[in-house]
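Coordinate inspection notes
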Amino acid sequence: QVQLVESGGGLVQAGGSLRLSCAASGRIFSSYAMGWFRQAPENEREFVAAITWTGGRIDYADSVKGRFTISRDNAKNTVYLQMNSLKPQDTAVYYCGVINSYRALLKSPGNYDSWGQGTQVTVSS
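All of the points below concern the structure found in this document. Predicted model, so just to flag it, every value in this text is computed and none were measured. What you see as residue numbers is a count from 1 along each chain, following the sequence as written. Predicted model: local features are reported for residues with pLDDT of at least 70 only, side-chain atom pairs are reported and counted for 80 or more only, and whole-chain, interface and lining totals are derived from all residues. Note that the side-chain values use all heavy atoms of the structure and ignore hydrogens as well as water.

Here we look at the packing of aromatic side chains
Using the following cut-off: In summary, the pairing rule links any two rings of Phe, Tyr or Trp, Trp by its six-membered ring, whose centres are within 6.5 Å, and it sorts them by plane angle into stacked for under 30 degrees, edge-to-face for over 60 and tilted for everything else. Helix and strand definitions follow DSSP, with helices as H or I runs of at least four residues and strands as E runs of at least two, each counted in order from the N terminus. Only when the NZ of Lys or the CZ of Arg is both within 6 Å of the ring centre and within 35 degrees of the ring normal is a charge said to sit over the ring.
Considering all chains together, one arrives at five aromatic pairs under this definition. The interplanar angle of 70 degrees and the centroid separation of 5.3 Å between the aromatic rings of Y32 and Y102 together place this pair among those described as edge-to-face. Of this pair, Y32 sits in the loop between β3 (18-26) and β4 (33-39) while Y102 sits in the loop between β9 (92-99) and β10 (114-115); the two residues are 70 residues apart in sequence, bridging distant segments of the chain. Taking the ring centre of Y95 as reference, the NZ or CZ of R45 above it sits at 3.8 Å. A cation sits over an aromatic face here: R45 above W115, 4.6 Å from the ring centre.

Below you can see the structure in the form of C-alpha cells.
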C-alpha cells in the first residue's frame, strides 16, 4: 500500500506560479508511475501530468503543456508539479495518484491504485 500526501496549493493571481509536492510512503519502491489530476466543482477528475519513476515516460494534458512541469526526486519519493503562467481555469483541487504496476495509459484515472487527499489551487483573475 502506498500513501500519498499533497502540499503546496494556495491562492495566486493569474500569471503567477505554484509548486505542488506529492510525498509518497509505503511500498513505493514497487510502483510504476505517479500522476497529477485536478477536479473543479461539478467536473470530472481531469488528467494533468504523469511521470514514471524511471523518468522514461512523461505525459501532459494539452491544456498545460508549456506551462506545467512534472518532475520526481527518487531519493525523497516525491513528485512535483511546477505550475507557471497560471490561469483562472486552472482553479481546482489537485490530486496525485500512484500506479502500482505497468499501465499503458497514464491519462486514465481508473488506472491509478490510490490517491492523496488533494490540495486546493485557486487562481484569481
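Focus on the state of the cysteines
Covalent bonding between the sulfur atoms of two cysteines is what defines a disulfide. Rule in force here: Cysteine sulfur atoms are paired as a disulfide whenever they come within 2.5 Å of each other. Here the term buried applies to any residue with accessible area under 20% of the maximum for its type, exposed to any over 50%, and partly exposed to those in between, with areas from a 1.4 Å probe on protein chains only.
Summed over all chains, the structure comprises one disulfide. Here C22 is linked by a disulfide to C96, with a sulfur-sulfur distance of 2.0 Å. Here C22 and C96 share a disulfide; its torsion about the S-S bond, 55 degrees, makes the bridge right-handed. One end of the pair, C22, is in strand β3; the other, C96, is in strand β9, and 74 residues separate them in sequence. Neither residue differs from the other here; C22 and C96 are each classed as buried.

Observations regarding the side chain of R38
What counts here: N or O atoms closer than or at 3.5 Å make up a polar contact, with two conditions inside protein: a donor-capable atom paired with an acceptor-capable one, and, for residues adjacent in sequence, both atoms drawn from side chains. Working rule for contacts: check all heavy atoms of both residues, and any pair within 4.5 Å makes them a contact.
Along the chain, the position of R38 falls in strand β4. Residue classification places R38 among the buried residues on the basis of a relative accessible area of 5%. Here D90 takes part through its side chain, which lies 2.9 Å from a polar atom of the side chain of R38. Apart from the residues within four sequence positions on either side, R38 is in contact with E44, R45, E46, V48, S63, V64, F68, Q89, D90, A92, V93 and Y94.

Digging into the environment of D73
Residue position: D73 is located in strand β7 (residues 68-73). The exposure class assigned to D73 is partly exposed, which follows from its relative accessible area of 24%. The spatial distance from the C-alpha of D73 to the C-alpha of A23 is 9.7 Å, given a sequence separation of 50 residues. D73 has contacts with W53, T78 and Y80, leaving out every residue within four places of it along the chain. Within polar-contact distance, the side chain of D73 engages the backbone nitrogen of A75 at 3.1 Å.

Note that all results are geometric; they support no functional claim without further evidence.
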